[in-house]
Amino acid sequence: MAVKDSVSKVVDSTMDSILSVFNVRWLHPTEECDLPLKNEIENDNSQLDNIRQPSPHPVLPQVEQELLPISPSVVADPQPGPSKLSQDGMPSSRSFHDLHIPVKMMEEFLRLAQDNTAKDLETCGVLAGSLRNRAFHVTMLIIPKQESTSYSCQTLNEEEIFEVQDMRSLFPLGWIHTHPTQTCFMSSVDLHTHYSYQVMLPEAIAIVMAPMDTDSPYGIFHLCDPRGVAVIRKCDLRGFHPHEEPDDFIYEPCSHVHMNPDLEFDVVDLR
Ligand SMILES: [Zn+2]
Ligand SMILES: [Zn+2]
């Protein structure tokens, strides 16, 4: 029936827009790692068509041919899957599980840090949590014993951190630290610190709180995966040092992070 056909076309095109919005969001992390955007968009469409194969759809046979080798894994399953190859032949960024942070946690951390911040000393904390419903949830902020200067912070008695995490069966999902007077960025020391979190858990995040940086009072970062991870893995330097590659080649703001207003969290201050 003609009416039914035109209705189903409308439904089809609505689904197209819904699916493309959905898909663009999933692929957002890769966009920030300077991948060829055109290539990604072409892959997007192909993945959509693969998903929709069960229902008959007027796709040009020629296009269909090109699409066959491409796996729909990015859309069908956000878990890290077999790596795709981008145009330069390098594996592209992986996709990440979502990671939820309690909205109030960063405020609370700044409050706990304020004595140090007033003395121009950094403060650091560990973000612990668990995996629920295929998403990581930060549910504990641990402030370890620490030694800090105005541009560095070193955790002490790390076994105490592990003990607290083990008691609740939580694991480290990242870390947070202040830049009392500096701007919001990841120093070379921060990048090396974060490397050890991210090799343990690809979704691990580094939050920088920079209350004096009016443009960017906080940032949630990670190493570009795989290329930033590779730069830091190969770098044997310690202390503050320059890297040959520009910062935006090595690290980027996370796009798998959600600020969750309903997520409860505990604070354990070990100082
Ligand atoms: Zn820092
Ligand atoms: Zn380095």
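Cut-offs and rules
Residues numbered from 1 in each chain as written. Chains lettered and ligands numbered in written order. Predicted model: local features only at pLDDT ≥ 70, side-chain atom pairs only at ≥ 80, totals over all residues. Heavy atoms only, no water. Axes fitted to C-alpha atoms, helices over the stretch in contact; angles between N-to-C directions. Helix = DSSP H or I, 4+ residues; strand = E, 2+ residues; numbered from the N terminus. Parallel < 35°, antiparallel > 145°, perpendicular 65-115°, else oblique. Left-handed = near helix turned anticlockwise from the far one by under 90°. Contact = heavy atoms within 4.5 Å. Nonpolar A, V, L, I, M, F, W, Y, C, P; charged D, E, K, R; others polar. Donors = N, O, S within 2.8 Å, 3.2 Å for Na, K, Ca; no water. Tetrahedral: all angles 85-135°; square planar, octahedral: opposite > 155°, others 65-115°. Buried < 20%, exposed > 50% of the residue type's maximum accessible area, 1.4 Å probe, protein only. Core = buried A, V, L, I, M, F, W, Y, C linked by side-chain atoms within 4.5 Å. Expected span 1.5 Å × (residues − 1). Bend = angle between axes of the 7 residues up to and from the residue.

## Topic: the packing of helix α8 (residues 188-200) against helix α9 (residues 227-234)
Item 1. Contact pair α8 / α9: the axes reach a minimum separation of 10 Å and the direction vectors enclose 115°. Judged by the inter-axis angle, α8 sits roughly perpendicular to α9. You can see that α8 and α9 cross each other, and the crossing is left-handed. For the pair α8 and α9, the contacting residues are Leu191, His192, Tyr195 and Gln198 in the first and Val229, Ile232 and Arg233 in the second.
Item 2. Looking at the contact of α8 with α9 residue by residue, the class counts come to four nonpolar, two polar and one charged.

## A closer look at the coordination of the zinc ion (ligand 1)
Item 1. Donor atoms from the polypeptide that bind the zinc ion (ligand 1) are His177 (NE2), His179 (NE2), Asp190 (OD) and Asp190 (OD), placed at 2.0 to 2.7 Å.
Item 2. Viewed at the metal, the four donor atoms of the zinc ion (ligand 1) are separated by angles of 53 to 170°, and the geometry they form is irregular.
Item 3. Written as a sequence motif, the donor arrangement for the zinc ion (ligand 1) is H-x1-H-x10-D. One end of the pair, histidine 179, is in the loop between β6 (171-178) and α8; the other, aspartate 190, is in helix α8, and eleven residues separate them in sequence. For the residue pair histidine 179 and aspartate 190, the accessibility class agrees, reading buried in each case.

## Here we look at the coordination of the zinc ion (ligand 2)
Item 1. For the zinc ion (ligand 2), the protein coordination sphere consists of His192 (NE2), Cys235 (SG), His241 (NE2) and His243 (NE2), at 2.0 to 2.2 Å.
Item 2. Every donor counted, the four donor atoms about the zinc ion (ligand 2) form angles of 97 to 116° at the centre, which fits tetrahedral coordination.
Item 3. Read in sequence order, the donor residues for the zinc ion (ligand 2) give the motif H-x42-C-x5-H-x1-H.
Item 4. Classification of histidine 241 as buried rests on a relative accessible area of 12%.

## Focus on the environment of glycine 125
Item 1. Inspection of the secondary structure puts glycine 125 in strand β2 (residues 124-132).
Item 2. A relative accessible area of 2% means that glycine 125 is categorised as buried.
Item 3. Separated by 142 residues in the primary sequence, glycine 125 and valine 267 place their C-alpha atoms 9.9 Å from one another.
Item 4. When residues no more than four places from it in sequence are discounted, the contact partners of glycine 125 are Phe109, Leu141, Ile142, Ile143, Pro144, Trp175 and Ile176.

## What about the nonpolar core?
Item 1. Counting residues in each nonpolar core, the largest one holds 45 residues, and the members touching the most others are Ile205 and Ile207.
Item 2. Per-element accounting of this core gives the leading share, six residues, to strand β3 (residues 135-143).
Item 3. Beyond its immediate stretch of four places on either side in the chain, isoleucine 207 contacts Ile101, Met105, Met106, Leu127, Trp175, Ile176, His177, Gly219 and Ile220.

## Thoughts on the environment of tyrosine 195
Item 1. For tyrosine 195, the position within the fold is in helix α8.
Item 2. Expressed as a C-alpha distance, the spacing of tyrosine 195 and histidine 222, which sit 27 residues apart in the sequence, is 8.5 Å.
Item 3. In contact with tyrosine 195, other than residues within four places in its own chain, are Leu223, Val229, Ile232 and Arg233.

## Topic: helix α6 (residues 105-118)
Item 1. For α6, with 14 residues, the first-to-last C-alpha span of 20 Å sits near the 20 Å given by 1.5 Å per residue.
Item 2. Along α6, the largest kink reaches about 45° and is centred on leucine 112.
Item 3. Where α6 is concerned, the buried positions are Met105, Met106, Phe109, Leu112, Ala113 and Asn116.
Item 4. Note on α6: the residue one or two positions beyond its end, aspartate 120, has a positive phi of about 60°.

## Re α8
Given 3.6 residues per turn, any residue in an α-helix points the same way as the ones three and four places further on.
Item 1. With 13 residues, α8 extends 19 Å between its outermost C-alpha atoms, agreeing within 8% with the 18 Å of an ideal straight helix rising 1.5 Å per residue.
Item 2. Turning to α8, its buried residues are Ser188, Asp190, Leu191, His192, His194, Tyr195, Tyr197 and Gln198.

## Focus: unusual backbone geometry
The bulk of non-glycine residues show a negative phi, and the bulk of peptide bonds are trans.
Item 1. Here the amide bond leading from aspartate 225 into proline 226 is cis, since omega sits at 20°, within 30 degrees of zero.
Item 2. Along the chain, proline 226 turns up in the loop between β8 (218-223) and α9.
Item 3. In the Ramachandran plot, asparagine 133 falls in the positive-phi region, its phi being about 45° despite a non-glycine side chain.
Item 4. As for its position among the elements, asparagine 133 is in the loop between β2 and β3.
Item 5. Residue classification places asparagine 133 among the exposed residues on the basis of a relative accessible area of 77%.

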